[in-house]
Amino acid sequence: MKKEYLARSLVILFILVAVTIPFAGQWLSGRNQPAAIELHARMPENGGWSPDTIQAEVSQPIHLHITSDDVVHGFAIGKSDQPALEIIPGEFIETTLIFDKPGKYTFYCNRWCGPNHWRMRGTIEVSGTGTPLALDPQPLFLKLGIDIDAPQPAKTIPSKTTSAERGAQFAGLLPAYAKNRDTYLSTSPENLWLRLRAEATLSNLSDNDLWDAVTWIWLQQTTMDALANGQKLFANNCAACHGETGKGDGVMVRGLPVWNPGLHSSGDSPHLSTGEGFVSPPDFTDPKNMLGASPALLEGKIIRGGMGTGMPYWGPIFTAKQIEDIVSYIYTFVWGFSNQE
Ligand code: HEC
Ligand SMILES: [Cu+2]
C-alpha cells in the first residue's frame, strides 16, 4: 500500500518535471520562447534551403524543425563541432541551437545530393551584445601577395618517388631556414628544393637526396593525427570531385574537360575566357601540379575557391586547423607520406 503510494507520487513528480522544464526558460527570462522555425532542405536545383537566412539572438535558443522535400540531406554548422544531422524526406527532425556570440554563421548540407550540392548553404544571423564572433584572420596568401589564379606548374620535379625516411638522414645538414615553419608555409616544394640545391654545403647530395630531404621537411610540419583528420575531411567534402586518390576523377566530374592552367591567362576568371564553365579538377598525384604550390597558395584556393569553376569556397565551413590538415594531406598524394613512417 505504502509502496504503491510512493510509486505513484514518483510518477507524478516525473510528469511535473517533464512538463514544467520546457516553460522554466520562459518564466526566468520573462519573455516568450521563439516559435519553432520550419526549415526545408531541397537540392540547390529545387531552391536549396528555405528559409536560407535565419535570425537569432545571443543566448536565446532557436528551435528548428527540419525536413527534406526531395532527397536525404544533412544539416551542419560551419566551424563548429556540432555533429551533423541527417535530414530524411518526409520526416521532421528537431534541434535547438543557442549561440553565445553575435555574428554570421553558415549552415550547410554535408550529404552529396548532386553536382551543385556544395551550394546548399544558408546563414544564421545572430544579433545581440557580447564579444562578436572572431573574424577570420587575413589569409596568408593575401599577406604574402600571392596571386592564386596564376598558374604554378613546377618545372623541376623528382625523377622517382621520394621518401621522407631517406630524407631524415640529411636533417642535420639542412640550414635552419629550411626547417622553419614560415618557410614551409610560404614556399613551394620546388622553390625550397631550388634554394637547397644552391647551398654549397649540400653540394655532395644528389638531386633525389634533396627531394627526399624536402619530403621529410613537409612531413615534419604535420602529424599522423592531422593527416588522418585531413584524409577524413577530404573523403567527405572533396573526393566526390577530386577523387579518392586525388586524380581529379571523382564521380561528380567524370567526363568533364580537365582544367589546364597553361591554356588560361591569369585574372579573376581565367576559365570563362574560353567559355569552358565547369571543368574537372587538376590531378593532385602529378608532381608538376603540386610541387609548384606553396601551402599558403593551396590554403588560399581552398578558402576562396575557383571563381567561375566548380571549385567551392570553404572559408565559412572549415576552421583554420581543418584547412591546415587538408593542405598537409593533399601533398601526400604526390609524395605518399602516408605510406611512410
Ligand atoms: C564540385 C567539385 C569540387 C569539390 C567538391 C572540390 N573541388 Fe577543389 N577543385 C575543383 C575544380 C574544378 C578545380 C580546378 C579549378 C581551379 O583550380 O580553379 C579545383 C581546384 C582545387 C585546388 C587547386 C589545385 C591547384 O593545383 O591549383 C585545390 C587545392 C582544391 N581544389 C582543393 C579542394 C578541397 C580541399 C576540397 C574539399 C574541401 C575541394 N577542393 C572540393 C572542384 C572541386
Ligand atoms: Cu546536399
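For the structure given in this document, a descriptive report is provided here. Fair warning: this is a prediction, and the values are worked out from it, not measured in the lab. (Residues numbered from 1 in each chain as written. Chains lettered and ligands numbered in written order. Predicted model: local features only at pLDDT ≥ 70, side-chain atom pairs only at ≥ 80, totals over all residues. Heavy atoms only, no water.)

**Description of the coordination of the iron atom of ligand 1**
Item 1. Listed as protein donors to the iron atom of ligand 1 are H242 (NE2) and M311 (SD); their distances from the metal cover 2.0 to 2.1 Å.
Item 2. Around the iron atom of ligand 1, the 6 donor atoms sit at angles spanning 85 to 178 degrees, and that spread fits a shape best called octahedral. Separated by 69 residues along the polypeptide, H242 in helix α8 (residues 239-242) and M311 in the loop between α10 (295-304) and α11 (320-335) bring together distant segments of the chain.
Item 3. On the basis of relative accessible area, M311 is assigned to the partly exposed category, the value being 25%. (Donors = N, O, S within 2.8 Å, 3.2 Å for Na, K, Ca; no water. Tetrahedral: all angles 85-135°; square planar, octahedral: opposite > 155°, others 65-115°. Helix = DSSP H or I, 4+ residues; strand = E, 2+ residues; numbered from the N terminus. Buried < 20%, exposed > 50% of the residue type's maximum accessible area, 1.4 Å probe, protein only.)

**Some points on the packing of α10 against α11**
Item 1. Relative orientation of the contacting elements α10 and α11 amounts to 120 degrees, with a least axis distance of 10 Å. When the axis of α10 is compared with that of α11, the two are oblique. Viewed along their axes, α10 and α11 form a crossing whose handedness is right-handed. Where α10 abuts α11, its residues P295, L298, E299, I302 and I303 lie against I323, I326, V327, I330 and Y331.
Item 2. Looking at the contact of α10 with α11, its residues break down into 9 nonpolar, no polar and 1 charged. (Axes fitted to C-alpha atoms, helices over the stretch in contact; angles between N-to-C directions. Parallel < 35°, antiparallel > 145°, perpendicular 65-115°, else oblique. Left-handed = near helix turned anticlockwise from the far one by under 90°. Contact = heavy atoms within 4.5 Å. Nonpolar A, V, L, I, M, F, W, Y, C, P; charged D, E, K, R; others polar.)

**A short note on unusual backbone geometry**
Item 1. Backbone torsion omega between S50 and P51 reads -5 degrees, so that peptide bond is classified as cis.
Item 2. If you trace the backbone, P51 turns up in the loop between β1 (37-41) and β2 (53-57).
Item 3. One non-glycine residue, S59, lies in positive phi territory at about 65 degrees.
Item 4. Relative to the elements of secondary structure, S59 occurs in the loop between β2 and β3 (62-68).
Item 5. Taking the relative accessible area as the measure of exposure, S59 reaches 47% and is therefore partly exposed.
Item 6. If you check the backbone angles, K79 has positive phi at about 55 degrees while not being a glycine.
Item 7. Tracing the chain through its elements places K79 in the loop between β4 (73-77) and β5 (85-87).

**Here's the deal with α10**
Item 1. Of the residues making up α10, those classed as buried are P295, A296, L297, L298, G300 and I302.
Item 2. Against α2 (140-143), α4 (181-186), α6 (207-220), α9 (287-290) and α11 lie the buried residues of α10.
Item 3. Positive backbone phi, at 75 degrees, marks G305, one or two positions downstream of α10.

**Re the pattern of salt bridges**
Item 1. Going through the model one piece at a time under the given rule, you end up with 9 salt bridges.
Item 2. Between R304 and D149 there is a salt bridge; the shortest N-O distance is 2.9 Å. With R304 in helix α10 and D149 in the loop between α2 and α3 (164-168), the pair connects residues that are 155 residues apart, well separated along the chain.
Item 3. A residue is classified by how much of its surface remains accessible, and R304, at 22% relative accessible area, is partly exposed. (Salt bridge = Lys/Arg side-chain N within 4 Å of Asp/Glu carboxyl O.)

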